[in-house]
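# Survey of secondary and tertiary structure
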Amino acid sequence: MIFRQNGFDWHKTEGSFPPMALPLRLCVFAVIASVLLGCTPDQERVEWPAFDGQRAYAEVEALVQFSPRDAGTPGGWKAAKHIHQRMESFGIETDLDTFTDMTPDGEKTMINVVGTVPGKTPRWIILGSHFDTMPGIDPFQGANDSGSSTGILLELARMLGASQTVPEVGIIFAFFDGEEGIAGYIPGDGLHGSRHMARQLAETGDHKKIDAMILLDMVGDKDLHFTVPYNSERKLVQEVFKAAQATGHRDRFSLTRSVITDDHVPFLEIGIPAIDLIDFKFGSEPGLNDHWHTEADNLGNISAESLGISGTITLKLLEKLAFPAISD
C-alpha cells in the first residue's frame, strides 16, 4: 500500500480446487436466493451475539503459523487453503480462485479465497482483507498486517454461518493474495488479488451488482485508532462513523486528508463505493508506525480487545448495509 501525505509517498506494502468464476456464482446465487428465499417470513430485527474478539485472536494465532505467507510461495498457498478450510467449516460456500500475475520478480501463482453468503436480492457487499505478508522480513508473523483483518473476517463468517437470518444483500468474503508491493507499487506491483477480482467483475458487468466494498487492514493494534483515508467513499465514511457512534467507539476514528493505495482502490476505479478501515499508526508509542513491516508485527502487539472493537463496528455496519429492512 502507498500512503500519500503532503506530497510524499509512504509505502504500505502497508493443489487447489477449480474455482467457479465469480460472475457465474453471482448469477447462480441470485437465482437461488430469489426462488428459495423470496418467501422468507419478515423478521423483526437482527439480534446478533456479541462479536468475540478472543475467537478472532485465535484465528490470527492459527493463521500466523503459516508465516511467512508471501504471495506466490508455498507458505502463501498453505495460508489460502487454511482460510478456505475454515470458511467451509462455517458452512460458507467458498472457492479458491487461483490466478497468475506478473510481478517485479516475474510471474507468480496466487490464490484469492472467496466465500459467499447469498441474500434475498441480487445485490452484494464485498468484505475484504488481504492475507499475504511483506517479503524480506525475518522473522515476520504479520499478526496485524494482515492477520488481524483476516481473523475478524473469519469470525464474522462463523457468526453469519451460524445465523438463521438471511441478509437482504448478499455478502462476499474476499481474502486477497498479493496485496504487498515489493517495488514501491510501480505499475504491476501489489494489489494483485484485488485487481484480479475487480477485473473479473468489470469484464462481466457484475460490478453493477455491488453496493459497497468494505476493506479491513491493520485493525488489531493494542492502541487502536482508525485513520480512514481520504480516498474512501463519503457515504460509507458516514455509515462507518454512525456504526462507531452506536457501538461507543466514535473517538477511535478520524478521517484523514491522506490517500492510501490499498485493496479498496481497484474497486473504486470501477465505480464501486469502497472504504478502507485501517489504523496506520501501529507503533511503540501513540502516533508512531514503527512496528509496521518489522518483526514487531507479532501477536504480542495486537490484542483481542482491539479485534473485538473492530469486529463489533464492522458487524454493526454490515447490519445496516446488508439488512436494511430490519436493522433500524
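Quick summary incoming for the structure in this document. (Residues numbered from 1 in each chain as written. Predicted model: local features only at pLDDT ≥ 70, side-chain atom pairs only at ≥ 80, totals over all residues. Heavy atoms only, no water.)

## Thoughts on the sheet that holds strand β11 (residues 274–278)
With mixed pairing, six strands are arranged side by side in an open sheet as β3-β4-β6-β5-β7-β11. Both edges of this open sheet fall to β3 (93–103) and β11, since each of them pairs with a single strand only. Neighbour-to-neighbour, the strand axes of the sheet open up by a mean angle of 20°, direction not taken into account. As paired strands, strand β7 (residues 210–217) and β11 are joined by five bridges and run parallel to one another. Its bridge partner lying in β11, Asp217 is registered against Ile278. The strands touched by helix α6 (residues 234–246) within the sheet are β7 and β11, with β11 carrying the most contacts at an inclination of about 45°. (Pairing = 2+ DSSP bridges. Helix = DSSP H or I, 4+ residues; strand = E, 2+ residues; numbered from the N terminus. Axes fitted to C-alpha atoms, helices over the stretch in contact; angles between N-to-C directions. Contact = heavy atoms within 4.5 Å.)

## Details of the side chain of Ser232
For Ser232, the location among the structural elements is in the loop between β8 (226–228) and α6. Those residues in contact with Ser232 that sit more than four places away from it in its chain are Val237, His264, Ala274, Ile275 and Asp276.

## Quick word on the pattern of salt bridges
Considering all chains together, one arrives at eight salt bridges under this definition. Residue Asp101 pairs with Arg195 through a salt bridge whose shortest N-O separation is 3.9 Å. Within this pair, whereas Asp101 is found in strand β3, its partner Arg195 is found in helix α5 (residues 192–204), the two being separated by 94 residues in sequence. On the accessibility criterion, Asp101 (14% relative accessible area) is buried. In this structure Arg195 comes out as partly exposed when scored by relative accessible area, which is 25%. In this structure, Asp206 and Lys209 form a salt bridge, with 2.9 Å as the shortest nitrogen-oxygen distance. Residue classification places Asp206 among the buried residues on the basis of a relative accessible area of 4%. (Salt bridge = Lys/Arg side-chain N within 4 Å of Asp/Glu carboxyl O. Buried < 20%, exposed > 50% of the residue type's maximum accessible area, 1.4 Å probe, protein only.)

## Quick look at unusual backbone geometry
Here the bond from Ser67 into Pro68 is cis, since omega is -5°, no more than 30 degrees from zero. Note that Pro68 resides in the loop between α2 (53–63) and α3 (74–89). Pro139 follows Asp138 through a cis peptide bond whose omega is -5°. Mapped onto the elements, Pro139 comes out in the loop between β5 (124–130) and α4 (143–162). The residue Tyr185 is not glycine, and still its phi comes out positive at about 60°. For Tyr185, the location among the structural elements is in the loop between β6 (170–176) and α5. Residue classification places Tyr185 among the buried positions, given a relative accessible area of 12%.

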